[in-house]
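Chain by chain, the residues:
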Amino acid sequence: MPFLRVCLIFLLTVFALPTAGVSQEALSLSGGQRWLVFASRQDATEAVQLAEGYRDALQGTAYEDKVRVVRSDNGWFAVVVGPAHFKSIRLARAEFNTVLPEDAYLSRGRRYVETVWPDRDRQFDEFENQAHFTLELEKLRVNADLIVEQTDPNDDFSKNSHVRVAGWVGRDKVFSFETEPSYYPEYGQSVEVIRLANETELPQVVIKRFTGGAHCCVEQHIITQDRNGGWAMVQGAVLDGAYGYSFEDLNGDSSVELVHSDNSFLYLFAPYAGSFAPLFVEKLSFDEIMDVNLDPAYQPAFRKELVYLEERAQSDPALWGENGFLAAWAAVRARLGEGMAAIDEATEKSRGDEEDFRKFVCPDGSPSSACDYENAIALPFPVGLTVHLIEQGYLPVQSRP
């Protein structure tokens, strides 16, 4: 992105090396130091996504780990880099002839109360231009290696790779795991050490591998302790896109959830571009990934998701007639106990079935995977939506007479 490249040149030219004494708790600066604030957002997730873009632009420089998101005492989240040594933003613009965001400014950070990203309970690295790295969190040290084997030097598609991860506590090796070898692109493979389960003695290790493809996919494994203190590598969700789980504390209990979108809605009632996938929340407990979507503690997260969807439809009213949108909207309302009413309203708003994008079942009513595709029956949108919501746990079976 041109803007980020400009920012990279700007930062490398302008910033003096940060001085000691600036910690996550000591965000108020003195002397000539300032934070360069690129943007402020009310939503933490949006601020973090923006900050990740700046961090990516700074890969390989002394500043790639100097981007952060800080919370102000007014509840807003600022994306900052630095500290910097400027007297005014005007001089920065004039001297370096670059276009900063309209809301960019310099701050001493006197209202900043904490750093919310990068998470102090997370260490992350990628196999990009490197085949080995080491991460440390709490007492756990992790050595990560990307092992590549190529049978035909003239054929890139004969190149298979796998990730080997070993964990150490002091001089003791506590685990060693490897993923299955397969073909992957030369990017999008990462390892992070993060505290996902508070009940385990040591934190978890998450391996993410991008499979490539237009709308696919991230394979995920979680290395974690079981109830007996042993170690296991658990298969996580295979998710659309290139990012996989996001790790967020949705219910404010100081532990993070595994947050993603319900990929079962993709291509179901609409093409990919017209599909909406509702929020899906999981939680790690020892070596078990649990579906926690029905826990009342997550109701505020689903209400926020509903607001987001309805704001999208407010800006694009045509969505109210599109089955891909209506299915996700009804699913989120089902999480809030309004599923049957939402199905009725979605039925009224729908412009009808979309050819080739309907829910299929076998002639005896069992899931379509239990019979040949040629024998499967296409259900009308309201019936297909109801069946899908029941199958995926959004509605209890007895909700429909």
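Up top is the structure these notes are about.
Because the structure is a prediction, the values reported are computed rather than measured. What you see as residue numbers is a count from 1 along each chain, following the sequence as written. Reporting of local features is limited, given that this is a predicted model, to residues whose pLDDT is at least 70; pairs of side-chain atoms are given and counted only at 80 or more, and all residues count toward the totals for whole chains, interfaces and linings. Based on all heavy atoms of the structure, the side-chain values leave hydrogens and waters out of the count.

Draft legend 1. Representation of the sheet that holds strand E12 (residues 204–210) within the structure. By the convention used here, strands pair only if DSSP detects at least 2 bridges between them. By definition, any uninterrupted DSSP run of H or I lasting at least four residues is a helix, any uninterrupted run of E lasting at least two residues is a strand, and each is numbered from the N terminus. Pairing is antiparallel across the open sheet formed by 5 strands, whose spatial order is E6-E11-E12-E13-E14. Two strands close off the open sheet at either side, each with one partner strand: strand E6 (122–126) and strand E14 (231–235). Shown here is a sheet whose adjacent strand axes are inclined to one another by a mean of 15 degrees, direction ignored. Only the stretch in contact is used when a helix axis is fitted, and all axes are lines through C-alpha atoms; the angle between N-to-C directions ranges over 0 to 180 degrees.

Draft legend 2. The packing of helix H5 (residues 323–335) against helix H6 (residues 339–349), seen in detail. Where H5 contacts H6, the two axes come as close as 8 Å, and the packing angle between them is 165 degrees. Comparing the axis directions of H5 and H6 gives the class roughly antiparallel. Considering only the axes of H5 and H6, their crossing is right-handed. Note on element contacts: H6 touches H5 through Gly-339, Ala-341, Ala-342, Glu-345, Ala-346 and Lys-349, opposite Leu-326, Trp-329, Ala-330, Arg-333 and Ala-334. Under this scheme an angle from 65 to 115 degrees is roughly perpendicular, one under 35 degrees roughly parallel, and one over 145 degrees roughly antiparallel; angles in between are oblique. Here a crossing is taken to be left-handed if its near helix is turned anticlockwise relative to the far helix by less than a right angle, and right-handed if that turn runs clockwise. Contacts are assigned to residue pairs that have any heavy atoms within 4.5 Å of one another.

Draft legend 3. Spotlight on helix H4 (residues 299–315). How far a helix is expected to stretch is found by multiplying one less than its residue total by 1.5 Å. The first and last C-alpha atoms of H4 sit 25 Å apart over 17 residues, in line with the 24 Å expected at 1.5 Å per residue. Only protein chains enter the accessibility calculation, which uses a 1.4 Å probe. A residue is then buried if its area is under 20% of the maximum for its type, exposed if over 50%, and partly exposed in between. Of the positions making up H4, those classed as buried are Gln-299, Ala-301, Phe-302, Glu-305, Leu-306, Leu-309 and Ala-313. Down the axis of H4, the buried set is contained in an arc of 160 degrees. They therefore lie on one face. Across H4 from its buried face, at more than 90 degrees, point the exposed residues Pro-300, Lys-304, Gln-314 and Ser-315. By arc we mean the arc of the directions from the helix axis to the C-beta atoms, nothing more.

Draft legend 4. Quick look at the state of the cysteines. Whenever a pair of cysteine sulfur atoms sits within 2.5 Å, that pair is classed as a disulfide. Applying the stated criterion to the full structure yields 2 disulfides. Paired through a disulfide, Cys-216 and Cys-217 show a sulfur-sulfur distance of 1.4 Å. Here the disulfide of Cys-216 and Cys-217 is left-handed, its torsion about the S-S bond being about -70 degrees. Residue Cys-217 is classed as buried on the basis of its relative accessible area of 9%. Cys-362 shares a disulfide with Cys-371; S-S distance 2.2 Å. Disulfide Cys-362-Cys-371: torsion about the S-S bond near -105 degrees, hence left-handed. Relative accessible area serves as the criterion here: at 3%, Cys-362 is assigned to the buried category. For the protein chain, the disulfide bridges join cysteines in the arrangement 1-2, 3-4, where the cysteines are counted in sequence order.

Draft legend 5. Region of the structure containing helix H7 (residues 381–391). Residues Phe-381, Gly-384, Leu-385, Thr-386, His-388 and Leu-389 constitute the buried set of H7. Elements in contact with the buried residues of H7: H5 and H6. Gly-393 sits one or two positions beyond H7 and adopts a positive phi of about 85 degrees.

Draft legend 6. Representation of the packing of aromatic side chains in the model. Between 30 and 60 degrees the pair is tilted, below 30 it is stacked and above 60 it is edge-to-face, where a pair is any two Phe, Tyr or Trp rings, Trp via its six-membered ring, whose centres lie within 6.5 Å. Scanning the model with the defined rule gives 11 aromatic pairs in all. When the ring of Trp-320 is compared with that of Phe-325, the centres are 5.3 Å apart and the planes differ by 90 degrees; the resulting orientation is edge-to-face. The exposure class of Trp-320 is partly exposed, given its relative accessible area of 23%. Judged by its relative accessible area of 0%, Phe-325 falls in the buried class. By the ring-pair criterion, three or more aromatic residues cluster together here, those being Phe-276, Trp-320, Phe-325 and Trp-329. The ring of Tyr-184 carries Arg-209 above its face, with NZ or CZ at 3.8 Å from the centroid. For a ring to carry a charge above it, either NZ of a lysine or CZ of an arginine must fall within 6 Å of the ring centroid while also lying within 35 degrees of the normal to the ring plane. Cation over ring: Arg-335 sits above Tyr-394, and NZ or CZ is 3.7 Å from the ring centre.

Draft legend 7. Molecular detail of the side chain of Glu-257. Looking at where Glu-257 falls in the secondary structure, it is placed in strand E16 (residues 257–261). Among the residues examined, Glu-257 registers a relative accessible area of 0% and is labelled buried. Side-chain atoms alone can form a polar contact between residues adjacent in sequence; in general such a contact is a pair of N or O atoms within 3.5 Å, and within protein one must be able to donate a hydrogen while the other accepts it. Reaching out from Glu-257, the side chain makes a polar contact with the backbone nitrogen of Leu-250 at a distance of 2.7 Å. Apart from residues no more than four positions distant in its own chain, Glu-257 is found in contact with Ser-246, Phe-247, Glu-248, Asp-249, Leu-250, Asn-251, Val-281, Glu-282, Lys-283 and Tyr-298.

Read these as spatial facts, not as claims about activity.
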